[in-house]
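Remarks on the overall topology
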Amino acid sequence: MKGIIFTSFIGYMQVHHGDAIATETLRQAGVLKDDGGYIEQETYPYEDMFELAGNLAAITGVTLSATFEDFGAYLFINLAKRFGSFFAPDETLFSFLQKLESHIHVEVRKKYPDANLPGFNFNQVDENNLHMIYTSERAMSDFGMGMIKGAATWFKRDVFVGKQDLTPDHSGTRVQIIVRLLDVD
């Protein structure tokens with residue numbers, strides 16, 4: 001997982017939970033080092049993100065799922081501000097989400113060639129409902145759902161986002177994410 005995700009998580013903790021909780025979360029993970037921790041361009045094991053998020057969840061009493069979701073929403077807004085060129089002027093939430101594979105992930109791989117990104121397949125059921133199949137060995141669909149909620153905020157849409165684990169062992173490596181627009185007439 002790229003360092004930009006980790007540095008953003010530190011920023012998220014500071015903004016949403018304060019410096020003391022961020023410091024304690026990092027201390028418990030053994031991240032407080034002389035070298036300053038994470039570097040945006042570097043790659044780190046995704047398990048480290050589970051450790052950080054798990055530590056934060058334990059400290060705050062919030063579930064790991066909710067922690068990942070909240071961070072995903074925070075991250076999307078921050079990345080959208082930083083990389084505004086990813087958005088076309090006439091873009092909608094659904095058109096943006098459906099170009100994750102064909103455009104967004106292509107551009108991410110140009111910037112970070114070793115990035116290990118999840119896969120997505122799409123089925124737009126109708127103008128108000130989009131089904132996405134998330135596939136990743138990292139099983140971080142809650143993070144993805146948060147990113148979708150952040151995108152909805154960015155596009156000023158009210159949405160329901162739900163999920164159904166499609167794996168027989170409930171490992172979360174293949175999940176259907178349901179996005180429904182709520183602010184329709």
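Preceding block: the structure.
Residues numbered from 1 in each chain as written. Predicted model: local features only at pLDDT ≥ 70, side-chain atom pairs only at ≥ 80, totals over all residues. Heavy atoms only, no water.

1. Structural notes on the pattern of salt bridges
- The final tally for this structure, using the stated rule, is 9 salt bridges.
- A salt bridge links Arg157 to Asp183; the shortest N-O distance between them is 2.8 Å. One end of the pair, Arg157, is in the loop between helix 7 (141–154) and strand 3 (159–165); the other, Asp183, is in the segment after strand 4 (174–181), and 26 residues separate them in sequence.
- The partly exposed category is assigned to Arg157, whose relative accessible area is 31%. (Salt bridge = Lys/Arg side-chain N within 4 Å of Asp/Glu carboxyl O. Helix = DSSP H or I, 4+ residues; strand = E, 2+ residues; numbered from the N terminus. Buried < 20%, exposed > 50% of the residue type's maximum accessible area, 1.4 Å probe, protein only.)

2. Observations regarding the nonpolar core
- Ranked by internal contacts, the top residues of the largest apolar core, which has 52 residues, are Phe9, Leu93, Met132 and Ile177.
- Those residues in contact with Phe9 that sit more than four places away from it in its chain are Met49, Leu52, Ala53, Leu56, Thr67 and Phe71. (Core = buried A, V, L, I, M, F, W, Y, C linked by side-chain atoms within 4.5 Å. Contact = heavy atoms within 4.5 Å.)

3. Focus: helix 2 (residues 19–28)
- What helix 2 keeps buried is the set Ala22, Thr25 and Leu26. All buried residues of helix 2 project into a common sector of 95 degrees when viewed along the axis, lining one side.
- Buried positions along helix 2 lie against helix 1 (3–17) and helix 3 (46–60).
- Phi for Gly30, located one or two positions after helix 2, is positive at around 75 degrees. (Arc of directions from axis to C-beta.)

Limitation: the analysis is restricted to geometry and does not speak to function.
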